[in-house]
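So the chains spell out like this:
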Amino acid sequence: MTARPPSRPTTPDPAPAPGATDDSAAGRSGHPATPRPPAGESAVAARGTFAGPTAGASPIRPFTPREVAAPGRAAAPAGPARATQSGAGSHGVRSAAPLSDEDRGRLLDGTHHDPHGLLGAHPVRSGLLIRVLRPSAKGVTVLAKGLRADLPCEGDGLFAGVLPLRTVPDYELLVDYGDNAWTVQDPYRFLPALGELDLHLLGEGRHEQLWQALGARIMDHQGVTGTRFTVWAPNAQGVRVVGDFNYWDGTGHPMRSLGSSGVWELFVPGIGEGELYKFEITRPDGSRTLRADPMARRTECPPANASVVDASHHSWTDADWMSRRGERPVHEAPLSVYEMHLASWRPGLTYRQLAVQLPAYVKDLGFTHVEFMPVPEHPFGGSWGYQVTGFYAPTARMGTPDDFKFLIDALHRAGIGVLMDWVPAHFPRDDWALAEFDGRPLYEPQDPARAAHPDWGTLEFDYGRTEVRNFLVANAVYWCEEFHIDGLRVDAVASMLYLDYSREDGGWTPNIHGGRENLDAVAFLQEMNATVYRRCPGVVTIAEESTAWDGVTRATHHIGPGGFGGLGFGLKWNMGWMHDSLGYVSKEPVHRKYHHGEMTFSMIYAYSENYVLPISHDEVVHGKRALVSKMPGDWWQQRANHRAYLGFMWAHPGKQLLFMGQEFAQGAEWAESHGPDWWLLDPSYEAEPDHRGVRDLVRELNRRYAATPALWERDTDPAGFSWIDGDASEDNVFSFLRFAADGSPLISVTNFSPVVRHAYRLGVPDTVPAWREVLNTDDPRYGGSGISNPDPLKAEPTPWNGRPASVSPVLPPLATLWLRPS
């Protein structure tokens, strides 16, 4: 995809810069040839201090303010600035020694590594040499306090002269374009705006706030406000910054190389918020490419893809939430997650409009957290955000970065945590983004076979490269620190961990030990988790990992039986439970007894990791059907199965996650083009009570869950769970006990058969004299048949299921009951 030309200009293109290729010219289409005042340029003369000419120097013509127009207007029509002839000028300006052909050619072609060595102000034996590169200019005049000096023209937009000065004044440039003239700061009079510590940390790959060093950053530098542009492009012959402010012609804005760091830098005075920009990179083969900034914190709205200079003005109001979120370890706290795709939850709403509706909806349903599918910028909406091009920029589809912060702030004020899907496993091949960024593989491995992701047509990251690993680790920190994200769900971890992932024999190279593990990816994930947990108290990282990798949620310094330290995640999606349990409930009840073990197997490994039970977006798309539509039977039975399954899920050890639309039993698969079928909840719809009943159940599940420590306090402790009867396959019944840290119990019993089971005896502890029903998914309020246990169930001294006492509740058809001590 190519950059969309900005909408303001309507006149024809300027001529291409010398040596420009079609690639570089493409980003300038639609920009006018007649210069407008570049961003930050004004018609006001310099007001800086200046000591005046040195003793013995030829006089320099002073200027008075009346010679320049008022602020915001073109200069008064005093005629173009005059270039002096060879030799001493009438105003004390002498012609400069010409540039060598090599320096001149490289400067104009954008391949000079040190344009600041040629441009700007430099003391020379006979005075002060000032050289300026201003394409399309008719003349350039140096302005300072008490000084106005015309620079001789050297051709090709170069102007240079030697002033009889010993020191560099705070000068500006009056650039005359024939019809108008503008005062500008000279970008090449400034020292590097990136410090030595930043460069050291970049070289070490330990810059944990990388976004403070790279990208476009508005700042005051040497007393002048502007934007510092920095980009890592170690293979580039040269880099120029282009944008609206220079009509997408980078000739006048070449960047300097900061030594062996591979970083290119340029401070451009006067550039501020909202300016569009890209980097024009000259590749090793001499061709050019226009690239969006990998570190851009804001982008154009797709399909446009330019980067946008941005500064945050949001004032956070969630201090109370931030101070409390780490008080209880996440694996010992309630965690009930509403997963959603922001752009399609209520299609057309902005971040700020979502901030009005979403917190109220989620809070009403009792979820503790929302989880956003990927928010970073992505060009193809059909990827749902999983093919990221702007890793540091929230998608512009719904507003600005500050607007996104406003939404998170509103959720926090409502007491709702925010998780976000994060995708460090791969990136798309768009030729304006990361792929072969500077003309050679940079973010991806050098070996094309190793770089290509076999499933998605994308490229994998080179986790063994210091700078790439730093880019990703800092990105994880960035979302947590800058946007107050409370957790990162890391996508496709399995594809990162295994060298042979989705690859045939012979299609991959073993690691140095001869194994299939991607040791670089392991080290990256360990570093990312350790860094996030150290810097961001209360944040949780969650792995979507679908294999039996040992120690996904084990601490990084604890070595497992396979010789690896833990990956350091806080939680892991239990993909096995998801697939097994969905397979079970999709069977007709008459066949379920043959698949009973699919529901009990999860308890064999339930405490091997800290688990989340996910009914995610992946399970309700691409022909898999919505959750209620997976269920067998007629419409009543489908809803009853749906409710019983949710009741079983909320009681099972592990945290809970439910994708949007499933909370009200949407029957159609989700599609990002239109989102949930909210019309099902319209009171005018005949079947609205059926869907509202399921949503009411989800609200009650969350309410009971949050108020019952037995359901979450010992999620990772085997002492928090005990089967009552896990072998009742002939009955399609599952019954178990959950225990809080203080021993308080809860009974969950699920009848996955469509028949009522009267006086169904269950063994219980003899320490509880009576039990009462606190949740029944067959309640008429939820659309059930109304079979219940309204009176307390007294424990009888009849041993059962290996316990000294028992109770005999009635089990409704296709329903889950929760019983607590009466």
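Residues numbered from 1 in each chain as written. Predicted model: local features only at pLDDT ≥ 70, side-chain atom pairs only at ≥ 80, totals over all residues. Heavy atoms only, no water.

J.: I'd like a description of the overall build of the protein chain, backed by residues and values.
T.: Across its full length, the protein chain holds 18 helices and 34 strands. Here the protein chain holds 822 residues, and the buried ones make up 60% of them. The long-range fraction of contacts in the protein chain, counting pairs at least 24 apart against all pairs at least 6 apart in sequence, stands at 72%. When the accessible surface of the protein chain is totalled, it reaches about 30300 Å², and 51% of it is carbon and sulfur. (Helix = DSSP H or I, 4+ residues; strand = E, 2+ residues; numbered from the N terminus. Buried < 20%, exposed > 50% of the residue type's maximum accessible area, 1.4 Å probe, protein only. Contact = heavy atoms within 4.5 Å. Areas by Shrake-Rupley, 256 points an atom, 1.4 Å probe, with all protein chains shown as cover.)

J.: I'd like to hear about the packing of helix H17 (residues 635-651) against helix H18 (residues 688-706), residue by residue, with values.
T.: As a packed pair, H17 and H18 sit with axes 11 Å apart at the nearest point and diverge in direction by 10°. The angle between H17 and H18 falls in the class roughly parallel. Residues Trp635, Arg639, His642, Arg643, Leu646, Gly647 and Trp650 of H17 pack against Asp690, His691, Val694, Leu697, Val698, Leu701, Asn702 and Tyr705 of H18. By residue class, the composition of the contact of H17 with H18 is eight nonpolar, four polar and three charged. (Axes fitted to C-alpha atoms, helices over the stretch in contact; angles between N-to-C directions. Parallel < 35°, antiparallel > 145°, perpendicular 65-115°, else oblique. Nonpolar A, V, L, I, M, F, W, Y, C, P; charged D, E, K, R; others polar.)

J.: Give me the lowdown on unusual backbone geometry, citing residues and values where you can.
T.: Omega for the peptide link from Pro302 to Pro303 comes to 10°, which places this bond in the cis form. Topologically, Pro303 is positioned in the loop between strand S15 (288-291) and strand S16 (307-308). In this structure, Trp384 takes a positive phi of about 60° despite not being glycine. Among the secondary structure elements, Trp384 is positioned in the loop between strand S19 (376-377) and strand S20 (390-394). Its relative accessible area of 11% is what places Trp384 among the buried residues. Even without being glycine, Asn801 reaches a positive phi, approximately 55°. Take Asn801: it is sitting in the loop between strand S32 (793-794) and strand S33 (805-807). On the basis of relative accessibility, which here comes to 29%, the residue Asn801 falls in the partly exposed class.

J.: If you had to explain the sheet that holds strand S6 (residues 158-163) to someone new, which residues and values would you point to?
T.: Working definition: the strands of a sheet are paired by backbone hydrogen bonds and lie parallel or antiparallel to each other. Strand order in the open sheet formed by four strands is S1-S2-S6-S5, with antiparallel pairing between adjacent strands. Every interior strand has two partners, whereas the edge strands, strand S1 (120-124) and strand S5 (153-155), have only one. Sheet twist, expressed as the mean angle between neighbouring strand axes with direction ignored, is 25°. In this sheet, strand S2 (residues 127-133) lies alongside S1 in antiparallel orientation, the contact comprising five bridges. Bridge pairing in S2 places Val124 opposite Gly127. Where helix H2 (residues 101-109) meets the sheet, its contacts fall on S2, S5 and S6, and the angle it forms with S6 comes to roughly 130°. (Pairing = 2+ DSSP bridges.)

J.: Can you explain the environment of Ala121? Please cite residues and give values.
T.: Locating Ala121 in the fold gives a position in strand S1. Overall, the relative accessible area of 15% leaves Ala121 in the buried class. When the C-alpha positions of Ala121 and Ala160 are compared, they lie 9.7 Å apart, and in sequence the two are 39 residues distant. Residues within four places of Ala121 in sequence aside, it is in contact with Leu128, Leu129, Ile130, Val168, Tyr171 and Tyr188.

J.: Any details on the environment of Ser344? Residues and values, ideally.
T.: Mapped onto the fold, Ser344 is located in helix H5 (residues 342-345). Distance in space between the C-alpha atoms of Ser344 and His674 is 6.0 Å, their sequence separation being 330 residues. Discounting residues that sit within four places of it in the chain, Ser344 has contacts with Met660, Trp670, Glu672, His674, Gly675 and Pro676.

J.: I'd like a description of helix H6 (residues 351-365), backed by residues and values.
T.: Taking 1.5 Å per residue, 15 residues should reach 21 Å; H6 reaches 20 Å between its end C-alpha atoms and fits that length. The largest bend in H6 comes to about 30°, at Gln357, with the proline Pro359 one to four residues further on. Where H6 is concerned, the buried positions are Tyr351, Leu354, Ala355, Leu358, Pro359, Tyr361, Val362 and Leu365. Each element contacted by the buried residues of H6 is listed here: strand S17 (336-340), H5, strand S18 (369-372), S20, helix H7 (401-413) and H18. (Expected span 1.5 Å × (residues − 1). Bend = angle between axes of the 7 residues up to and from the residue.)

J.: So what about the sheet that holds strand S12 (residues 256-257)? Which residues, and what values?
T.: The antiparallel open sheet is built from four strands, whose spatial order is S9-S10-S13-S12. Edge strands, defined here as strands with exactly one partner in the open sheet, are strand S9 (215-221) and S12.

J.: Tell me about the nonpolar core, and please be specific about residues and values.
T.: Note that soluble globular proteins tend to have their nonpolar side chains buried in a common cluster. Core analysis: the largest hydrophobic core is formed by 172 residues, its most contacted members being Phe229, Leu342 and Phe372. Take this core: its biggest share by element is ten residues, from helix H9 (residues 466-482). Excluding anything up to four places from it in sequence, Phe372 contacts Met340, Leu342, Leu358, Phe404, Leu407, Leu411, Val418, Leu419, Met420 and Asp421. Residues Ala121, Val142, Leu163 and Val184 belong to the second largest nonpolar core, which totals 21 residues. (Core = buried A, V, L, I, M, F, W, Y, C linked by side-chain atoms within 4.5 Å.)

J.: Go over the pairing of strand S26 (residues 655-659), please, and point to the residues and values.
T.: Across the five residues that make up S26, a large majority, five, are buried. Neither face of S26 is open: one carries Lys655, Leu657 and Phe659, the other Gln656 and Leu658, and all of them are buried. As judged from the four bridges shared by S17 and S26, these two strands associate in the parallel manner. When the sheet's bridge partners are listed, Glu339 is paired in S26 with Phe659.

J.: With reference to specific residues and values, describe the packing of helix H3 (residues 196-204) against H9.
T.: Where H3 meets H9, the axes come as close as 7 Å, and the angle between the chain directions of the two elements is 105°. Between H3 and H9, the angle is such that the two are roughly perpendicular. For the pair H3 and H9, contact is made by Leu201, Leu202, Gly203 and Glu204 and by Thr466, Glu467 and Asn470, respectively. Classifying every residue of the contact of H3 with H9 gives two nonpolar, three polar and two charged.

J.: Go over the packing of aromatic side chains, please, and point to the residues and values.
T.: All chains considered together, the criterion is met by 47 aromatic pairs. With 5.1 Å between their ring centres and 35° between their planes, Phe721 and Phe736 make a pair best called tilted. Of this pair, Phe721 sits in strand S27 (residues 721-725) while Phe736 sits in strand S28 (residues 733-739), placing them 15 residues apart in sequence. Accessibility expressed as a relative area gives 11% for Phe721, which makes it buried. Its guanidinium or amino end placed over the ring of Trp345, Arg346 lies 5.3 Å from that ring's centre, counting from NZ or CZ. Sitting above the plane of the Trp678 ring, Arg346 keeps its charged end 4.1 Å from the centroid. (Phe/Tyr/Trp six-rings, centres within 6.5 Å; stacked < 30°, edge-to-face > 60°. Lys NZ or Arg CZ within 6 Å of the ring centre and 35° of its normal.)

J.: Tell me what's going on with the pattern of salt bridges, and back it up with residues and numbers.
T.: Close approach of charged atoms lets side chains of opposite charge pair. Applying the stated criterion to the full structure yields 43 salt bridges. For Arg534, the salt bridge goes to Glu208, with nearest N and O atoms at 2.5 Å. You can see Arg534 sitting in helix H11 (residues 519-535) and its partner Glu208 sitting in the loop between H3 and S9, a full 326 residues away along the chain. Salt-bridge contacts for Glu280 lead to Arg240; the nearest nitrogen and oxygen are separated by 2.7 Å. Placement of Glu280 in strand S14 (residues 276-282) and of Arg240 in strand S11 (residues 238-243) is noted, with a sequence separation of 40 residues between them. Like Glu280, the residue Arg240 is buried in the burial classification. Sharing partners across several salt bridges, the network here consists of Glu371, Asp421, Arg489, Asp491 and Glu544. (Salt bridge = Lys/Arg side-chain N within 4 Å of Asp/Glu carboxyl O.)

J.: How would you explain the side chain of His617 if you had to name every residue and give the values?
T.: Residue position: His617 is located in the loop between strand S25 (611-615) and helix H16 (627-630). Here Glu339 takes part through its side chain, which lies 2.7 Å from a polar atom of the side chain of His617. With residues near it in sequence (within four places) discarded, His617 still touches Glu339, Met373, Trp384, Tyr386, Asp421, Arg489 and Phe659. (Polar contact = N/O pair within 3.5 Å; in protein donor to acceptor, adjacent residues only side chain to side chain.)

J.: An account of the state of the cysteines is requested, with residue identities and associated values reported.
T.: A full pass over the atoms with the stated rule returns zero disulfides. No disulfide involves Cys480; its nearest neighbouring cysteine sulfur is the one of Cys536, lying 4.6 Å away. (Disulfide = S-S within 2.5 Å.)

J.: Talk me through the confidence of the model for the protein chain; I want residue IDs and the actual numbers.
T.: Summing up the model confidence of the protein chain, the mean pLDDT is 90 and the portion of residues at 70 or higher is 89%. Predicted confidence for residues 1-36 stays below pLDDT 50, and this span has 78 contacts to residues more than four positions away or in other chains. Note that pLDDT drops below 50 for residues 39-90; the model gives that stretch 112 contacts with residues more than four away or on any other chain. (pLDDT = per-residue confidence, 0-100.)

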